[in-house]
Amino acid sequence: MAAEHDQMPVKEEEYLDVLTKTGEKTGISKPRGDVHRAGDYHRAVHVWIFAESTQELLLQRRADCKDSWAGLWDISSAGHISAGDSSLISAMRELQEELGVTLPKDAFELIFVLLQECTINDGKFINNEYNDVYLVTTIDPIPLEAFTLQESEVSAVKYLSLEEYRRVLAQEHPDYVPYDVNEEYGQLFMIIEKRYKENAEARSLTLDKQLNRYASTSLSAELTGLTAADKEALTLLVKAATIMDKIFYLQVWYSNPSLRDWLKENADKSQLDKLKWMYYVINKSPWSCLDENEAFLTTADSAVKLLPNAPKPVPGWKGLEYRTAFPAAKPPGANFYPPDMDKMEFNLWKDRLQEDKREEAMGFFNVIRRHSESLFEDTTSPKTENVTRSSHDLYVVPYSQEYNSLLAEAATLLCEAGEMASSSSLKRLLYSKADAFLSNDYYDSDIAWMELDSKLDVTIGPYETYEDSLFGYKATFEAFIGVRDDKATAQLKLFGDHLQVLEKNLPMDNIYKSENVTAAPIRVIQLLYNAGDVKGPQTVAFNLPNDERIVKDRGTSMVMLKNVSEAKFKLILKPIADVCIMEEQRDLVDFESFFTHTICHECCHGIGPHTITLLNGQKSTVRLELQELHSSLEEAKADIVGLWALRFLMDKDLLPKSLAKSMYVSFLAGCFRSVRFGLEEAHGKGQALQFNYLFEKGAFILHPDETFAVDFEKVEDSVASLSREILTIQARGDKEAARTLLQKYGVMTPSLKRALEKLETVQVPVDIIPDFPIANQILRDIN
């Protein structure tokens, strides 16, 4: 049986959104009474208040006048989600209306969604309800006299221990609304018990094991090529890069900055607290990059905040202390969208907008917020003037406004660095990027970045969209500062010069090929510092910008991080080859092949479909059509087409044919390296797709001793075949075909799993933790 959480009838009856049986909105809304008579599926919220120090739950006694479960003890607070309303706002509102407790959104933890189906009142009341179950964790119980009870809904409140409440439910005590604790609602008790009963020693061992997957390495560079003025500019740029870190923490999840500060402040309290902090620094969130974004912390580890006036004041009581919450499942929309917004809500809103506003909503450089949230925000929250509004609850806020104070500080530092920089192109970049931070128009600054010709190399701003796994629309802030390696840069001109030739010969139908591919300038740097979206596995190269307008008009530019590549090859790829590659082919794994393919991977982001024409003649882009599948498929494309391109250049005598075998075997070893990043990560999923496809075609072979080898007779055709399949999917904007391909091949197969288990046994690192001695000294001197 299940509870129905309603409001007393009013003159204008509450309307509810009608859902399908699987929980999707139908676009129909009905009066509440009609919904329950017809048994329509609808949504509601359950809010539990849990006192950490006493391990007690707050229960409310339902008013005697209720038309369901009158006079029985029930959930702390609950109610319907009215038509057009959102889940989180409904939870906040119900708590405020029923108990007089006003809490910010970071107090609410969505712990699970429960479907309840029951019939009561002699069949007159059918309740088919999807319930979003929230947990609010307070440090101590809120004094009962602090609550203001809504008489029409609640007649009393009390605290009951977790164990006692589970016992009375299991016994089906007649004074309590019934819930089956042996079924889905048992999750409430299991989740709370797990987080408070876990052994500190066991958690420490787990975190220590997770940390050991990363190899620490020092990354430095020779500064003798920089002028004295550039060295002064470097100090300001490192400081500006730290601001990109602050913005990125906020982009990941709205309570992430308070969690970061709390963990840092408490890191010296115990060995476990130290390990929590160390692993958090690597992931920049409570979700582990190498474990499919599984949470390694819980809300019980999180920051404590004090709200003196959340409920009404009580003499001698300092106020309500609560834990800032984050969900166990990493939010697919990060902090770019309201946490309770789903794809359907966004699309319904977007489709009603005018074309220019629709493009803005899907753009790189803004977040989506709710008008209704402002009703509950405190005075320190970002203001909402000058935003794009509509009659819908959702609206657009540009980055320049959402992160205004941080971007203004960064802009000032970039202008000061621009004054000192010796290179005119670096001056132009820094000034234009400072302008972009304030105007939210990044076009000119991205062009300036592509044309940068400076010994001191800088990439700073919003670029990658991996964090937005809901749509792949929104860009995260990052910074890479390095010294250009002039010798290596000159050696790599070959790839940029042959992009159009590669495009013309791509293994796909000619109708999809572009006539005007601009050669991507390539810069090789020795990395001095990175910040922002550089969590978990470290990037060895990047190809930017991602803005299709610039890609179409000017192409892209590439930056290779040579000292990062060298560290990964030495500490990770060679040990992987020693374990996973057949002995006869092991020596073919070499740094030249690894680095050359990395270069070609980045170049191949710039060829193939970007702006496309759909079957109905409409112009679009691959990113917009494939949405959340775009990143994984694009990474797979760059990888596999990169292999095809290297073979093509060898056949044209532009690269030595001696690279061929080492190229394929190094790629095979690299598959195991990338898949270890996890299949939730774009590179990892894309790499799994390629490995499994080539393995199925016989291009990769598993030997009885559980080592792998390349079949050189089959690999070339298999590479071309997969390249054609991915390129064609992109060219057609065929999301269903992309989904089918990723579902079939982008998975953890037995052969992959066994290889990863072997690497775990011998403890080969998964990635590196870079240390930046030069930048660290700069930051120490500043502070």
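Please read these numbers as outputs of a predicted model, since none were measured by experiment.

**Considering the pattern of salt bridges**
Item 1. Summed over the entire model, instances satisfying the criterion amount to 50 salt bridges.
Item 2. Across the pair Glu164 and Arg167 runs a salt bridge, and its minimum N-O distance is 2.3 Å. Linking Glu164 with Arg167, this pair stays in helix α3 (residues 162–170), spanning three residues, or about one helical turn.
Item 3. For Arg167, a relative accessible area of 37% corresponds to the partly exposed category.
Item 4. In this structure, Lys657 engages Asp653 in a salt bridge whose closest nitrogen and oxygen atoms are separated by 2.6 Å.
Item 5. With relative accessibility at 60%, the residue Asp653 sits in the exposed group.

**As for a negative patch on the surface**
Item 1. Among the surface-exposed residues, Asp578, Glu583, Glu584, Asp587 and Asp705 lie close enough to one another that they form a single negatively charged patch.
Item 2. Residue position: Glu584 is located in helix α20 (residues 583–586).
Item 3. Residue class for Glu584 comes out exposed when judged on its relative accessible area of 63%.

**What about the packing of helix α24 (residues 659–675) against helix α25 (residues 682–696)?**
Item 1. Where α24 meets α25, the axes come as close as 8 Å, and the angle between the chain directions of the two elements is 140 degrees. As judged from the angle between their axes, α24 and α25 are oblique. Along this stretch, α24 crosses α25, giving a crossing that reads as left-handed. Listed contacts from α25 to Phe667, Leu668, Gly670, Cys671, Phe672, Ser674 and Val675 of α24 are His683, Gly684, Gln687, Ala688, Gln690, Phe691 and Leu694.
Item 2. Grouping the amino acids of the contact of α24 with α25 by side-chain chemistry returns eight nonpolar, six polar and no charged.

**Some remarks on the environment of Gln150**
Item 1. Following the sequence through the fold, Gln150 ends up in the loop between β8 (125–138) and β9 (154–161).
Item 2. The spatial distance from the C-alpha of Gln150 to the C-alpha of Gln96 is 9.4 Å, given a sequence separation of 54 residues.
Item 3. Among residues more than four places away in sequence, those in contact with Gln150 are Glu97 and Glu98.

**Thoughts on the packing of helix α7 (residues 256–265) against helix α8 (residues 271–283)**
Item 1. Where α7 contacts α8, the two axes come as close as 9 Å, and the packing angle between them is 140 degrees. One element, α7, and the other, α8, form an angle in the oblique class. Between α7 and α8 lies a crossing of left-handed hand. Between α7 and α8, the contacting residues are Asn256, Leu259, Arg260, Leu263 and Lys264 on the first element and Lys276, Trp277 and Tyr280 on the second.
Item 2. Here the residues of the contact of α7 with α8 sort into four nonpolar, one polar and three charged.

**Focus: the domain arrangement of the chain**
How big an interface is tends to be reported as the loss of accessible area on association of its parts.
Item 1. Partitioning the chain into domains gives domain 1 (15–195) and domain 2 (566–782).
Item 2. Inter-centroid distance (C-alpha atoms) of domain 1 to domain 2 is 47 Å.

**Description of the packing of aromatic side chains**
Item 1. This model, assessed by the stated rule, comprises 45 aromatic pairs.
Item 2. For the pair Phe364 and Phe365, a centre-to-centre distance of 5.6 Å together with 35 degrees between the ring planes defines the contact as tilted. Across the pair, Phe365 and Phe364 agree in class, each one buried.
Item 3. Judged by centre distance (5.7 Å) and plane angle (15 degrees), the ring pair of Phe691 and Phe695 falls under stacked. With Phe691 and Phe695 both in helix α25 and four residues apart, the pair spans about one turn of that helix.
Item 4. Connected via pairs of aromatic rings, a cluster forms that spans Phe364, Phe365, Tyr399, Tyr403, Phe437, Tyr442 and Phe477.
Item 5. Looking at Arg260, its charged tip hangs above the ring of Tyr249, at a distance of 4.7 Å from the centre.
Item 6. One cation-aromatic arrangement involves Arg523 over Trp449; the distance from NZ or CZ to the ring centre is 4.8 Å.

**Notes on the pairing of strand β17 (residues 456–462)**
Item 1. Here β17 lies mainly inside the structure; seven of its seven residues are buried.
Item 2. Pairing of β17 with strand β18 (residues 477–484), which is carried by seven bridges, proceeds in the antiparallel orientation. Directly across from Gly461, in β18, lies its bridge partner Glu478.

**What to know about the nonpolar core**
Item 1. Core analysis: the biggest nonpolar cluster contains 169 residues, and Phe346, Phe437, Phe495 and Phe672 have the highest contact counts within it.
Item 2. With residues up to four places along the chain from it excluded, the contact list for Phe437 reads Met244, Ser400, Leu407, Ala410, Ala411, Leu414, Tyr442, Ile460, Gly461, Pro462 and Phe477.
Item 3. Among the nonpolar cores identified, the runner-up in size contains 52 residues, and Phe108, Tyr254, Leu259 and Leu263 belong to it.

**A short note on the UniProt feature "domain: Nudix hydrolase" (unreviewed entry) in the chain**
Item 1. According to UniProt, the feature "domain: Nudix hydrolase" (unreviewed entry) maps to residues 40–183 in the numbering used here.
Item 2. Secondary structure content for residues 40–183 is 15% helix and 40% strand, and the end C-alpha separation is 22 Å.

**A few points about helix α13 (residues 424–439)**
Item 1. Spanning 16 residues, α13 covers 22 Å between terminal C-alpha atoms, matching the ideal 22 Å at 1.5 Å per step.
Item 2. What α13 keeps buried is the set Ser425, Leu426, Leu429, Leu430, Ser432, Lys433, Ala434, Ala436 and Phe437.
Item 3. Contacts from the buried residues of α13 go to α6 (228–252), α11 (399–402), α12 (404–420), α14 (443–450), β17 and β18.
Item 4. Of the residues flanking the end of α13, it is Asn440, one or two places downstream, whose phi is positive at about 70 degrees.

**A short note on unusual backbone geometry**
Among all residues except glycine, the phi angle is most often negative; among peptide bonds, the trans geometry is most common.
Item 1. The linkage connecting Leu544 with the following residue, Pro545, adopts the cis geometry, with an omega of -5 degrees.
Item 2. Tracing the sequence through the fold places Pro545 in the loop between β20 (541–544) and α18 (548–554).
Item 3. The backbone of Lys284 sits at a positive phi, close to 55 degrees, despite the residue not being glycine.
Item 4. Looking at the element boundaries, Lys284 is found in the loop between α8 and β11 (287–288).
Item 5. Despite not being glycine, Gln763 shows a phi value in the positive range, around 55 degrees.

**Side note on the sheet that holds strand β21 (residues 557–561)**
Item 1. Sheet architecture is open: five strands sit in the order β17-β18-β19-β21-β20, paired in mixed fashion. Taken across any chain shown, the strands that pair with only one partner, and hence form the sheet edges, are β17 and β20. Strand after strand, the sheet turns through a mean of 35 degrees between neighbouring axes, direction not considered.
Item 2. Where β18 and strand β19 (residues 522–532) come together, seven bridges link them in antiparallel fashion. Bridge pairing links Gly482 to Leu527 in β19.
Item 3. Running over the sheet, α14 touches β17, β19, β20 and β21 and is turned about 55 degrees from β21.

**A closer look at the state of the cysteines**
Where two cysteines share a covalent bond between their sulfur atoms, that bond is called a disulfide.
Item 1. Taken as a whole and assessed by the stated rule, the structure comprises zero disulfides.
Item 2. Sulfur of Cys65: no disulfide; nearest cysteine sulfur belongs to Cys118 and is 20 Å away.
Item 3. In this model Cys580 remains outside any disulfide bridge; the closest cysteine sulfur is found in Cys671, 11 Å from its own.
Item 4. By relative accessible area, which is 1% here, Cys580 ends up buried.

What counts, and at which threshold
Residues numbered from 1 in each chain as written. Predicted model: local features only at pLDDT ≥ 70, side-chain atom pairs only at ≥ 80, totals over all residues. Heavy atoms only, no water. Salt bridge = Lys/Arg side-chain N within 4 Å of Asp/Glu carboxyl O. Helix = DSSP H or I, 4+ residues; strand = E, 2+ residues; numbered from the N terminus. Buried < 20%, exposed > 50% of the residue type's maximum accessible area, 1.4 Å probe, protein only. Patch = residues over 30% accessible without salt bridge, like charges linked within 9 Å, V, L, I, M, F, W, Y side chains within 5 Å. Areas by Shrake-Rupley, 256 points an atom, 1.4 Å probe, with all protein chains shown as cover. Lys, Arg positive; Asp, Glu negative; His and termini not counted. Charge placed at Lys NZ, Arg CZ, Asp CG, Glu CD. Axes fitted to C-alpha atoms, helices over the stretch in contact; angles between N-to-C directions. Parallel < 35°, antiparallel > 145°, perpendicular 65-115°, else oblique. Left-handed = near helix turned anticlockwise from the far one by under 90°. Contact = heavy atoms within 4.5 Å. Nonpolar A, V, L, I, M, F, W, Y, C, P; charged D, E, K, R; others polar. Domains from an automatic or database assignment. Phe/Tyr/Trp six-rings, centres within 6.5 Å; stacked < 30°, edge-to-face > 60°. Lys NZ or Arg CZ within 6 Å of the ring centre and 35° of its normal. Pairing = 2+ DSSP bridges. Core = buried A, V, L, I, M, F, W, Y, C linked by side-chain atoms within 4.5 Å. UniProt positions renumbered as here; feature names shortened; annotations may be inferred. Expected span 1.5 Å × (residues − 1). Disulfide = S-S within 2.5 Å.

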